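Spelled out from the first residue to the last, the chains are:
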Amino acid sequence: MCRTGILGYGGGPSVIPLIRHDAVSRYGWLTDDEFGETLAIANALPGPIATKMAAYLGYKLKGVRGAILSVLAHILPSCIAMIALLSAVNYLSGSKTVAGMIAAVSPVIAVMLGMMAYEFAQKAYKGLGKWIGSAFLVLALVLLEVLHLHPAIVIVLYLSYGTVHYRILAGKNKKGGTA
């Protein structure tokens, strides 16, 4: 599990082939069918897939102690890497060179966010029309800046409206297509 914790880059699904190779092909801890069932159960349960797989394999081989050691072996490399990287960031945070790099990147990020907002506005105007799209923009600004509503609440409100709007349009298209 330590090896999968070190080599697995990109999250749980990218680690699954590594775990399968070790558990089925290399060490023969599980058959392909058992691995498939274990993967299905790990997908059904909440939490990281690879960690659940590591816990199951450790438990199957050595009981509760095996599960604990297997999970620790899987997550410790990432934890150590994060501590090392955060220490490096903390150490370099006072550097004028790093501050200059951040200052140089900030305008690029601002432009990228602006372009993304512009593209979303174009899609809103195409989907809702100029006036309704503008009204929703003003409503969002009022909710966020005047009423100080949490952005997550505004997003949920707009997603809810989008769901209703989409269902109404889908219903109209069905009626229009059958008539």
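Computed from a prediction, not measured in an experiment: that's the story for all the values here. (Residues numbered from 1 in each chain as written. Predicted model: local features only at pLDDT ≥ 70, side-chain atom pairs only at ≥ 80, totals over all residues. Heavy atoms only, no water.)

Draft legend 1. Seen up close, the overall build of the protein. Broken down by element type, the protein carries seven helices and zero strands. In the protein, the order of α-helices and β-strands from amino to carboxyl end is α-α-α-α-α-α-α. Referenced to the eigenvectors of the C-alpha coordinate spread, the extents of the protein come out at roughly 65 × 65 × 25 Å. Considering the protein as a whole, with its 179 residues, one finds that 18% of them fall into the buried category. If you take every contact in the protein between residues at least 6 apart in sequence, the share linking residues at least 24 apart comes to 36%. Split by element, the accessible area of the protein, about 13200 Å² in all, is 72% carbon and sulfur. Each charge class in the protein can be summarised by its mean position, and for the 15 positive and 7 negative side chains these summaries are 10 Å apart. (Helix = DSSP H or I, 4+ residues; strand = E, 2+ residues; numbered from the N terminus. Buried < 20%, exposed > 50% of the residue type's maximum accessible area, 1.4 Å probe, protein only. Contact = heavy atoms within 4.5 Å. Areas by Shrake-Rupley, 256 points an atom, 1.4 Å probe, with all protein chains shown as cover. Lys, Arg positive; Asp, Glu negative; His and termini not counted. Charge placed at Lys NZ, Arg CZ, Asp CG, Glu CD.)

Draft legend 2. View of the packing of helix α3 (residues 32-44) against helix α4 (residues 49-92). Closest axis-to-axis distance for the α3/α4 pair is 9 Å, and the angle between their directions is 130°. Taken together, α3 and α4 sit at an angle that is classed as oblique. Here α3 runs over α4; the crossing is right-handed. Touching Glu34, Phe35, Thr38, Leu39, Ala42 and Asn43 of α3 are Ile49, Lys52, Met53, Tyr56 and Lys60, all from α4. Residues that form the contact of α3 with α4 fall into these classes: six nonpolar, two polar and three charged. (Axes fitted to C-alpha atoms, helices over the stretch in contact; angles between N-to-C directions. Parallel < 35°, antiparallel > 145°, perpendicular 65-115°, else oblique. Left-handed = near helix turned anticlockwise from the far one by under 90°. Nonpolar A, V, L, I, M, F, W, Y, C, P; charged D, E, K, R; others polar.)

Draft legend 3. View of the pattern of salt bridges. Within the structure shown, the criterion is met by three salt bridges. Between aspartate 22 and arginine 3 there is a salt bridge, and its shortest N-O distance comes to 2.5 Å. Within this pair, whereas aspartate 22 is found in helix α2 (residues 12-26), its partner arginine 3 is found in helix α1 (residues 2-7), the two being separated by 19 residues in sequence. Here aspartate 32 ties to arginine 20 by a salt bridge, and the two come within 2.8 Å at their closest N and O atoms. Here aspartate 32 is found in helix α3, whereas its partner arginine 20 is found in helix α2, with twelve residues between them in sequence. The network of salt bridges with common partners includes Arg3, Asp22 and Arg26. (Salt bridge = Lys/Arg side-chain N within 4 Å of Asp/Glu carboxyl O.)

Draft legend 4. Inspection of the UniProt feature "transmembrane region" (unreviewed entry) in the protein at higher detail. UniProt annotation of "transmembrane region" (unreviewed entry) refers to residues 67-92, 98-120 and 132-159 when read in the numbering used here. Between the C-alpha atoms that bound residues 67-92 there is a distance of 38 Å. The span itself is 100% helix and 0% strand. (UniProt positions renumbered as here; feature names shortened; annotations may be inferred.)

Draft legend 5. Representation of the packing of aromatic side chains. Summed over the entire model, instances satisfying the criterion amount to three aromatic pairs. A ring pair is formed by phenylalanine 136 and tyrosine 158, whose centres lie 5.5 Å apart and whose planes are at 70°; its orientation type is edge-to-face. Pair noted here: phenylalanine 136 is in helix α6 (residues 130-146) and tyrosine 158 is in helix α7 (residues 151-178), with a separation of 22 residues, a long-range link. The class for tyrosine 158 is partly exposed, based on a relative accessible area of 25%. Plain terms: the ring middles of phenylalanine 136 and tyrosine 161 are 4.8 Å apart, the flat faces sit at 45° to each other, and that makes the pair tilted. One end of the pair, phenylalanine 136, is in helix α6; the other, tyrosine 161, is in helix α7, and 25 residues separate them in sequence. Note on tyrosine 161: relative accessible area 32%, which makes it partly exposed. Of the aromatic side chains, those joined through ring pairs into one cluster are Phe136, Tyr158 and Tyr161. (Phe/Tyr/Trp six-rings, centres within 6.5 Å; stacked < 30°, edge-to-face > 60°.)

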